[in-house]
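# Structural overview
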Amino acid sequence: VSWRIRPSALAEVVAHARQVAPAECCGVLVGRPGQIVAAAPTGNLSDDPNRFLIDPKDHLAALHASRRAGLDVVGFYHSHPRSAAVPSERDLAELSYPDCLYLIVGRPHDAAPEVRLFRMERGGSTEVALSVARDADQS
Ligand SMILES: [Zn+2]
């Protein structure tokens, strides 16, 4: 199964990552199965700049807002300010939402930051194919 992300959602994630660097940003991905339509930034409850902990209050608010729009929270995103867009050992050990999709932005200040999507479980991850595309019904 491959996923698509709207260019505007990708731009939101990269902008958020750049804004909070050198700390990690985090947030939720809003969409429908197979498609990321928007990104909703959430607070990072971790005071360690090399960790992220999605504020559950923001997660819940994003969930309610997306359901009102006929969408759902389909995954999460965070950034690696100084390293590649691959899950770290800590990501896999401290997973808040196992068996979910996680988008990672690597080195956000690069001209074209690396952005990759993974399904993460405790102890392992599988990369999910991701393409940047507009959907047919986008006006
Ligand atoms: Zn990470």
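All of the points below concern the structure found in this document. What you see is a predicted model, and the numbers here were worked out from it, not measured in a lab.

Taken across its 7 residues, strand β2 (residues 26-32) has 6 buried, putting it largely inside the fold. Pairing of β2 with strand β3 (residues 35-42), which is carried by 7 bridges, proceeds in the antiparallel orientation. Along β3, the bridge assignment pairs arginine 32 with glutamine 35. In this antiparallel pair of consecutive strands, β2 and β3, the connection spans 2 residues, and glycine 34 shows a positive phi of 90 degrees. Here 6 bridges tie β2 to strand β4 (residues 72-80), and the two strands are oriented antiparallel to one another. Across the sheet, the residue bridging to leucine 29 is glycine 75, located in β4.

For the rest of this paragraph, the subject is the sheet that holds strand β5 (residues 100-106). Here we have 8 strands laid out as an open sheet, ordered β7-β6-β5-β4-β2-β3-β1-β8, and mixed in their pairing. The outermost strands of the open sheet, each flanked by one partner alone, are β7 (124-128) and β8 (130-132). Pairs of neighbouring strands in the sheet enclose a mean axial angle of 35 degrees, with direction left out of account. Looking at chain direction, strand β6 (residues 114-121) and β7 are connected through 5 bridges and run antiparallel. From the neighbouring strand, glutamate 121 faces β7, where its bridge partner is glycine 124. In the packing of helix α1 (residues 7-20) onto the sheet, the strands contacted are β1 (3-5), β2, β3, β4, β5, β6 and β8, and the crossing angle to β3 comes to about 25 degrees. Taken strand by strand, helix α2 (residues 56-68) contacts β2, β3 and β4, and its axis lies near 135 degrees from that of β4.

What follows deals with the coordination of the zinc ion. Taken together, the protein ligands of the zinc ion are His78 (NE2), His80 (NE2), Asp91 (OD) and Asp91 (OD), with distances of 2.0 to 2.5 Å. Relative to the metal, the 4 donor atoms surrounding the zinc ion lie at angles of 57 to 155 degrees, and the coordination shape comes out irregular. Each donor residue of the zinc ion belongs to the same chain, and together they define the spacing H-x1-H-x10-D. In this pair, histidine 78 sits in strand β4 while aspartate 91 sits in helix α3 (residues 89-93), placing the two residues 13 residues apart along the sequence. Here the two residues histidine 78 and aspartate 91 agree in accessibility, since each one is buried.

Definitions and limits used
Residues numbered from 1 in each chain as written. Predicted model: local features only at pLDDT ≥ 70, side-chain atom pairs only at ≥ 80, totals over all residues. Heavy atoms only, no water. Buried < 20%, exposed > 50% of the residue type's maximum accessible area, 1.4 Å probe, protein only. Helix = DSSP H or I, 4+ residues; strand = E, 2+ residues; numbered from the N terminus. Pairing = 2+ DSSP bridges. Axes fitted to C-alpha atoms, helices over the stretch in contact; angles between N-to-C directions. Contact = heavy atoms within 4.5 Å. Donors = N, O, S within 2.8 Å, 3.2 Å for Na, K, Ca; no water. Tetrahedral: all angles 85-135°; square planar, octahedral: opposite > 155°, others 65-115°.

Functional significance is not addressed by these values, which are geometric in nature.
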